[in-house]
Amino acid sequence: MPKSLFWTRTDTAGSEQVVFDDRQGLSAQGVALAVDPIPYTLRYRLTADADWSTRRLEAEVEGAGWTRSVRLERGGDGWQVRTGEEGNLDAALDATGHPPVGLPGTGEPDQLADALDVDLGGSPLFNTLPIRRIGLGRAPADLARPVTVAWVLVPSLLVVPADQVYTSLGPGRIRFASGTFTADLDVDPDGFVVRYPGLAERVGAR
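Heads up: these notes are all about the structure in this document. (Residues numbered from 1 in each chain as written. Predicted model: local features only at pLDDT ≥ 70, side-chain atom pairs only at ≥ 80, totals over all residues. Heavy atoms only, no water.)

## Quick word on the side chain of Asp188
Summarising the element assignment, Asp188 is placed in the loop between strand S12 (181-187) and strand S13 (193-196). Among the polar contacts made by the side chain of Asp188, one reaches the main-chain amide nitrogen of Asp190 at a distance of 2.9 Å. In this view, Asp188 contacts Val194 and Arg202; residues no more than four positions away in its chain are not counted. (Helix = DSSP H or I, 4+ residues; strand = E, 2+ residues; numbered from the N terminus. Polar contact = N/O pair within 3.5 Å; in protein donor to acceptor, adjacent residues only side chain to side chain. Contact = heavy atoms within 4.5 Å.)

## Quick word on the packing of aromatic side chains
In this structure the tally under the stated criterion is five aromatic pairs. A ring pair is formed by Phe20 and Phe192, whose centres lie 4.9 Å apart and whose planes are at 40 degrees; its orientation type is tilted. Of this pair, Phe20 sits in strand S2 (residues 14-21) while Phe192 is found in the loop between S12 and S13, placing the two residues 172 residues apart along the sequence. An identical accessibility class is assigned to Phe20 and Phe192; each is buried. Judged by centre distance (6.3 Å) and plane angle (55 degrees), the rings of Phe176 and Tyr196 are tilted. Within this pair, whereas Phe176 is found in strand S11 (residues 173-178), its partner Tyr196 is found in strand S13, the two being separated by 20 residues in sequence. Across the pair, exposure class does not vary: Phe176 and Tyr196 are buried alike. In textbook terms, an aromatic cluster arises when at least three aromatic residues are bridged by ring pairs, as seen for Tyr166, Phe176, Phe181 and Tyr196. (Phe/Tyr/Trp six-rings, centres within 6.5 Å; stacked < 30°, edge-to-face > 60°. Buried < 20%, exposed > 50% of the residue type's maximum accessible area, 1.4 Å probe, protein only.)

## Brief notes about the environment of Leu33
Residue position: Leu33 is located in strand S3 (residues 26-34). According to the relative accessible area criterion, Leu33 is partly exposed, its value standing at 40%. Between the C-alpha atoms of Leu33 and Ser15, which are 18 residues apart in sequence, the distance is 5.5 Å. Aside from chain neighbours lying at most four places away, what touches Leu33 is Ala13, Gly14, Ser15, Tyr40 and Thr41.

## Here we look at the environment of Val118
The topology assignment puts Val118 in strand S8 (residues 117-120). Overall, the relative accessible area of 1% leaves Val118 in the buried class. With 34 residues separating them in the primary sequence, Val118 and Val152 have C-alpha atoms 7.3 Å apart.

## Re unusual backbone geometry
Asp36 connects to Pro37 through a cis peptide bond whose omega is 5 degrees. Looking at the secondary structure, you find Pro37 in the loop between S3 and strand S4 (40-48). A cis amide bond links Val154 to the next residue, Pro155, at an omega of 10 degrees. Of note, the phi angle at Leu157 is positive, near 60 degrees, even though the residue is not glycine. Tracing the backbone shows Leu157 in the loop between strand S9 (144-152) and strand S10 (159-168).

In structure tokens:
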């Protein structure tokens, strides 16, 4: 049977629900909504192989008068990135006093060559990918593991390589670091985020 998780954003008004099957890698589809920097709805489909390395991500984000999409797929010759856009996100951002974000995707997919994981901005689900892939749930405390991800910014869907570090802090606790940013994540026994300080908290049935 598929499983479902729901998070509420703590940094802005927003939420995310994902329905998934993790019996053999991960097959997931989710919807996220947020109001920052402008209101948007994000829909995604994610496939990870049995070793939890990302195989494919398809994402579409929509706001008032604009839609963007990106598809990332990893194969033997590296990452393939395809994008689409209708309307004008930059114009919508400019109208609310925000700077432009440019085009979705990447002009240089070779820069993603070292990435085995994808990180979709604002989604706590995607932290689970490296956690499961490198087995951090079973790792001794203070074991730090660097990873390179294909980071998909939201709502622009710009794709850039990013270096991150995951450190086991003991059962149910993992430190996430990227550049000068750090957050100590609470995770369940399957490696799914329960609490991401400054971003999201998981909500169960009432």
